[in-house]
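Chain by chain, the residues run as shown.
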Amino acid sequence: MTSRAAPKASDAIATFLGSFSNPMEVIEPVLPEIAFLGRSNVGKSSLLNALVGIKGLAKVSATPGKTQTMNVFKVDQGRPYYLVDLPGYGYAKTSKTNRASFVALIDGYLNRRLTVTGLVWLLDIRHDPSAEDRTMAEILGDRGLPVLAIFTKADKLGTQAIRTQARAITRALGLNEEQAQVTSSKTGAGIAELRATIAAAVAG
Ligand code: GTP
Ligand code: MG
């Protein structure tokens, strides 16, 4: 009888590379890079963990403003790539200094980073877009990078409400429907589809 070896930590498909506060940080080797962007508390870190199937890899918190630096993860599945967990925007309760540094980091990342392959832009399915979301829509439109909109926390709504909200948010932000997907990090809904979309983008 053959026994199977227990998986080693090194067998994990994703590993944490580091936290950086400089959006121009050079990460070697250069690989395709997909960044997670969205309001504070929208579920970026949770979605990243759901995608790679490792709970707690990216730090999740019910308190907005958890992610404060650009956290980089390497995914080794098919063609290797980086996932970047960015701080959230639009969190009013943090200090002015903190907020300014998040904005500078996100702004630098979006406007000056050369290695970005695509952006995953998260929007809470329950809420109409905020003023910051609308500003982000303009910034992303100007930047011209490939953007996939992800409606998060779908487990909080019923099927009909999901459809109505997805349509309303898509329209409010001037997105097209093919550019959007619905997910729940809690139930796993839409996660396999998102993984496939990202794999196709990085293979690209
Ligand atoms: P910041 O780092 O503060 O910008 O937040 P974030 O966007 O990384 O959000 P995070 O993943 O830390 O999740 C925020 C809260 O939402 C946590 O309490 C999560 O458990 C919860 N959450 C995230 N995704 C889902 C989801 O799909 N369904 C439900 N019900 N809750 C979720
Ligand atoms: Mg986070």
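Refer to the preceding data block for the structure.
This report concerns the structure included in the present document. Within each chain, residue numbers correspond to sequence positions counted from 1 in written order. Key to labels: chains lettered from A, ligands numbered from 1, both in the order written. Local features in this predicted model are restricted to residues of pLDDT 70 or higher, and side-chain atom pairs are both shown and tallied only at a pLDDT of 80 or more, whereas totals for entire chains, interfaces and linings draw on every residue. Values shown for side chains rest on all heavy atoms present in the structure; no hydrogens or waters enter the calculation.

As a further point, take the coordination of the magnesium ion (ligand 2). At the metal site, the magnesium ion (ligand 2) is ligated by Ser45 (OG) and Thr67 (OG1), and these contacts range over 2.1 to 2.2 Å. One end of the pair, Ser45, is in helix H1 (residues 44-52); the other, Thr67, is in the loop between H1 and strand E3 (70-75), and 22 residues separate them in sequence. Like Ser45, the residue Thr67 is buried in the burial classification. Coordination partners: N, O, S within 2.8 Å of the metal, 3.2 Å for Na, K and Ca; water not considered, so apparent gaps in a site are possible. The way it works is that DSSP assigns letters per residue, a run of H or I at least four long becomes a helix, a run of E at least two long becomes a strand, and they are numbered from the N terminus. Burial classes follow relative accessibility: with a 1.4 Å probe on protein chains only, a residue under 20% of its type's maximum area counts as buried, one over 50% as exposed, and anything between as partly exposed.

This paragraph deals with the side chain of Asp133. Within the element layout of this structure, Asp133 appears in helix H3 (residues 131-143). Under the convention used here, Asp and Glu are negative, Lys and Arg are positive, and both His and the chain ends fall outside the count. Put simply, a salt bridge is a Lys or Arg side-chain nitrogen that is within 4 Å of an Asp or Glu carboxyl oxygen. Among buried charged residues, Asp133 stands out as having no salt bridge; its nearest opposite-charge side chain is Arg39, 4.5 Å away. Here Ser130 takes part through its backbone nitrogen, which lies 3.0 Å from a polar atom of the side chain of Asp133. Only heavy atoms matter for contacts: two residues are in contact if any of them lie within 4.5 Å across the pair. Residue contacts for Asp133: discarding those within four places in its chain leaves Arg39, Tyr89, Trp121, Leu123 and Leu173. As used in this structure description, the phrase polar contact means that two N or O atoms lie within 3.5 Å; if the pair is within protein, one of them must be able to donate a hydrogen and the other to accept it, and residues adjacent in sequence are counted only when both atoms belong to side chains.

This part is about the site of ligand 1. Consider each residue's heavy atoms; a residue with any of them within 4 Å of a molecule or strand counts as near. Around ligand 1 lies a shell of 22 residues, among which Lys44, Ser46, Gly65, Thr67 and Asp155 are the nearest. Here an oxygen atom of ligand 1 sits 3.2 Å away from a polar atom, N or O, in the side chain of Ser40. At a separation of 3.0 Å, an oxygen atom of ligand 1 approaches a polar side-chain atom of Lys153. Residue burial considers only the protein chains on display, and all accessible areas are found by Shrake-Rupley using a 1.4 Å probe. Out of a free accessible area of 660 Å², ligand 1 has 88% covered by protein chains. Looking at the shell around ligand 1 residue by residue, the class counts come to four nonpolar, 11 polar and seven charged. Any residue that is not Ala, Val, Leu, Ile, Met, Phe, Trp, Tyr, Cys, Pro, Asp, Glu, Lys or Arg is counted as polar, Gly included; the first ten are nonpolar and the last four charged.

None of this, on its own, says anything about what the molecule does.
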